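Structural overview for review
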Amino acid sequence: MSSNTFGKLLSVTTFGESHGPAIGCVVDGCPPGLVLDAADFVADLSRRASGRTRHTSQRREDDTVEILSGVYQGLTTGTPIALLIRNTDARSRDYDDLLETFRPAHADYTYWHKYGIRDPHGGGRSSARETTMRVAAGVIAKKWLCERHGVRVRGYLAQLGAITPHVFDWQAVEQNAFFWPDAAQVPELEAAMDALRKAGDSTGARINVVAEGVPPGWGEPIYGKLDAELASALMSINAVKGVEIGDGFAAVAQRGSTHRDELTPQGFASNHAGGILGGISSGQAITCSIALKPTSSIRIPGRSVNLRGEPVEVVTSGRHDPCVGIRATPIAEAMVALVLMDHALRHRAQCGDVAPQAPRIP
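Let us look at the structure shown here. Because the structure is a prediction, the values reported are computed rather than measured.

**A look at the sheet that holds strand β10 (residues 240–245)**
Strands belonging to one sheet form pairs held by backbone hydrogen bonds; the direction of such a pair is parallel or antiparallel. Taking strand neighbours across the sheet as the criterion, the four strands line up as β8-β9-β15-β10 in an open arrangement whose pairing is antiparallel. Each having just a single partner strand, β8 (152–160) and β10 make up the two edges of the open sheet. If you compare each strand with its neighbour and ignore which way they point, the axes differ by 20° on average. Against the sheet, helix α8 (residues 329–351) contacts β8, β9 (205–212) and β15 (286–292), and its axis sits at roughly 140° relative to β8.

In structure tokens form, the structure reads like this:
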């Protein structure tokens, strides 16, 4: 299977299937000298993990990272960093009824037509289990960006179905299982998820990611635009059907006099562009948003066909998320961080000897 690698100077290759013995990734291009050990991965992998609350899939994986290469005496060496996570709680029997059936709105049908063969257990390679390794790779990028450039990447759940936050508080985001910025609304979210589970249905979600501290100058002007590569990386996440940078589609209804981000000696007057102008970072906060579709693994019967083209009815059993967006915040953060680190290295490679340009707007 091709296209399992993304990035240029910092490249990430993932491998493994949902119900295989292990999943893993190779991170190539990380500069030497970064302090790194297995403990660094625990926090973000725990944020992504299933089975921590009743509102997500009850599959419970240890998600313990084994560092196989690229680190010596606690420091990255500049050589490829290989990471491995063993699958310990796969339950393949849940998928025995799907060996000859295509689940509607899944990759079953398209994988079959592309490769002529597919692993039906847990979705195989198309499972969101693969995103575990993106989060692991993102840990490296987040740490390097913070230590070398003071960049902080963080996200939150901005919409669950029709529910949106009434207020916004970053401190509340990490204090609940939803990554929700309004602590008072958490009971409302829990009630909505309980109702979805009872009905055997699912819902979509929106996640926002903000990268603060990105200096001006990262990105490339035409085919390597920073916003284009962020959009590509975010769209590659399972279930993502839309990506916005800055105001995104809201710009359709805006006028130029409103949308333009005027510059003053004291700073930009607004940030409708999401911190990127002409494909290059402006020094403002970079803001991204993704829309995730409702998961199609639900208990409500749906029409499909089998391998012989005969009509069948599908009811998806097993352990699934009623809303994949609940666990997607650290995944989106990881993809943003990996793109930013790649562009930081690319900028340093081409323009590292360019003198600081004045004035720099605060």
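Now that the structure is up, let's keep going.
**A look at the packing of helix α6 (residues 226–235) against α8**
Relative orientation of the contacting elements α6 and α8 amounts to 145°, with a least axis distance of 9 Å. For the pair α6 and α8, the crossing hand works out as right-handed. For the pair formed by α6 and α8, the contact residues are Leu226, Glu229, Leu230, Ala233 and Leu234 on the first element and Ala332, Met335, Val336, Val339, Leu340, His343 and Arg346 on the second. Looking at the contact of α6 with α8, its residues break down into nine nonpolar, one polar and two charged.

**Brief notes about α6**
Among the residues of α6, Leu226, Glu229, Leu230, Ala233 and Leu234 are the ones counted as buried. Down the axis of α6, the buried set is contained in an arc of 130°. They therefore lie on one face. On its buried side, α6 packs onto α3 (131–149), β10, β13 (276–277), β14 (280–281), β15 and α8.

**Thoughts on the sheet that holds strand β1 (residues 5–6)**
With antiparallel pairing, the five strands of this open sheet are ordered in space as β1-β2-β3-β7-β4. Both edges of this open sheet fall to β1 and β4 (65–69), since each of them pairs with a single strand only. Looking at chain direction, β1 and strand β2 (residues 11–16) are connected through two bridges and run antiparallel. Counterpart to Phe6 in the pairing with β2 is Val12.

**Some thoughts on the packing of α3 against α8**
Each packed pair of helices is defined by two parameters, the angle between the axes and the distance between the axes. At a closest axis distance of 7 Å, the pairing of α3 and α8 adopts a crossing angle of 50°. Between α3 and α8, the crossing angle belongs to the class labelled oblique. The crossing of α3 and α8 is left-handed. In this structure, α3 uses Thr131, Arg134, Val135, Ala137, Gly138, Ile140, Ala141, Lys142, Trp144, Leu145 and His149 to contact α8, whose residues at the interface are Pro330, Ile331, Glu333, Ala334, Met335, Ala337, Leu338, Leu340, Met341, Ala344, Leu345 and Arg348. Among the residues making up the contact of α3 with α8, the classes are represented as 16 nonpolar, three polar and four charged.

**Some words on the side chain of Ser11**
Looking at where Ser11 falls in the secondary structure, it is placed in strand β2. Taking relative accessible area as the criterion, Ser11 reaches 14% and is therefore assigned buried. Every residue in contact with Ser11, bar those within four places of it in the chain, is listed here: Thr5, Phe6, Val26, Val27 and Asp28.

**A few points about the pattern of salt bridges**
Overall, the coordinates contain 21 salt bridges when judged by the stated rule. Here Glu66 ties to Arg86 by a salt bridge, and the two come within 2.9 Å at their closest N and O atoms. Here Glu66 is found in strand β4, whereas its partner Arg86 is found in strand β7 (residues 81–86), with 20 residues between them in sequence. For Glu66, a relative accessible area of 27% translates into the label partly exposed. For Arg86, a relative accessible area of 44% translates into the label partly exposed. The partner of Glu130 in a salt bridge is Arg134, and the shortest N-O contact between them spans 3.0 Å. Across the pair, Arg134 and Glu130 agree in class, each one buried. What you see here is one network of salt bridges that share partners, running through Asp44, Arg47, Lys142, Glu174 and Glu333.

**Considering the pairing of strand β16 (residues 302–305)**
Burial of the side chains of β16 is restricted to one face: Gly302 and Ser304 are buried, whereas none of Arg303 and Val305 on the reverse face is. Where β16 and strand β17 (residues 311–314) come together, four bridges link them in antiparallel fashion. Within the sheet, the bridge partner assigned to Arg303 lies in β17 and is Glu313. Where β16 folds back onto β17 in an antiparallel hairpin, the turn is made up of five residues, including Gly309, whose phi is positive at roughly 80°.

Thresholds, definitions, all that
- Residues numbered from 1 in each chain as written.
- Predicted model: local features only at pLDDT ≥ 70, side-chain atom pairs only at ≥ 80, totals over all residues.
- Heavy atoms only, no water.
- Pairing = 2+ DSSP bridges.
- Helix = DSSP H or I, 4+ residues; strand = E, 2+ residues; numbered from the N terminus.
- Axes fitted to C-alpha atoms, helices over the stretch in contact; angles between N-to-C directions.
- Contact = heavy atoms within 4.5 Å.
- Left-handed = near helix turned anticlockwise from the far one by under 90°.
- Nonpolar A, V, L, I, M, F, W, Y, C, P; charged D, E, K, R; others polar.
- Buried < 20%, exposed > 50% of the residue type's maximum accessible area, 1.4 Å probe, protein only.
- Arc of directions from axis to C-beta.
- Parallel < 35°, antiparallel > 145°, perpendicular 65-115°, else oblique.
- Salt bridge = Lys/Arg side-chain N within 4 Å of Asp/Glu carboxyl O.

Read these as geometric descriptors, not functional statements.
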